[in-house]
Amino acid sequence: MSNWPDWFLEALRQRFYQLELAREQTSCSSEDKNLYTKMDQFKINQNEDVQQLLSE
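**A few points about the overall build of the chain**
Reasoning step 1: Scanning the chain from terminus to terminus reveals 3 helices and 0 strands.
Reasoning step 2: Ordering the α and β elements of the chain from the N terminus gives α-α-α.
Reasoning step 3: Per-residue burial over the chain gives 18% buried out of 56 residues.
Reasoning step 4: Accessible surface, the chain: about 4,500 Å² in total, of which carbon and sulfur atoms supply 49%.

**Considering helix 1 (residues 6-25)**
Reasoning step 1: Over its 20 residues, helix 1 runs 29 Å from end to end, which matches the ideal 28 Å to within 8%, given 1.5 Å per residue.
Reasoning step 2: Inspection of helix 1 places Leu9, Leu12, Phe16 and Leu19 among the buried residues, and these make up the whole buried set. Along the long axis of helix 1, the arc covered by the buried residues comes to 90°, so they all point the same way. Helix 1 presents Asp6, Trp7 and Gln25 as exposed residues on the side facing more than 90 degrees away from its buried surface.

The rules behind each value
- Residues numbered from 1 in each chain as written.
- Predicted model: local features only at pLDDT ≥ 70, side-chain atom pairs only at ≥ 80, totals over all residues.
- Heavy atoms only, no water.
- Helix = DSSP H or I, 4+ residues; strand = E, 2+ residues; numbered from the N terminus.
- Buried < 20%, exposed > 50% of the residue type's maximum accessible area, 1.4 Å probe, protein only.
- Areas by Shrake-Rupley, 256 points an atom, 1.4 Å probe, with all protein chains shown as cover.
- Expected span 1.5 Å × (residues − 1).
- Arc of directions from axis to C-beta.

What follows is the structure, encoded as structure tokens:
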């Protein structure tokens with residue numbers, strides 16, 4: 001996979017999961033939409049392994 005430690009990959013997975021849940025449960029302000037746009041851009045700029053992990 002990648003050189004990232006397993007604990008870090010799991011922490012990223014959990015954080016993005018929490019953000020997705022929060023996004024689904026509340027209406028988004030313009031600041032939130034900006035944050036989610038930046039998060040999506042971050043995902044796109046990663047290698048394939050990290051993209052797959054973040055998509056899970």
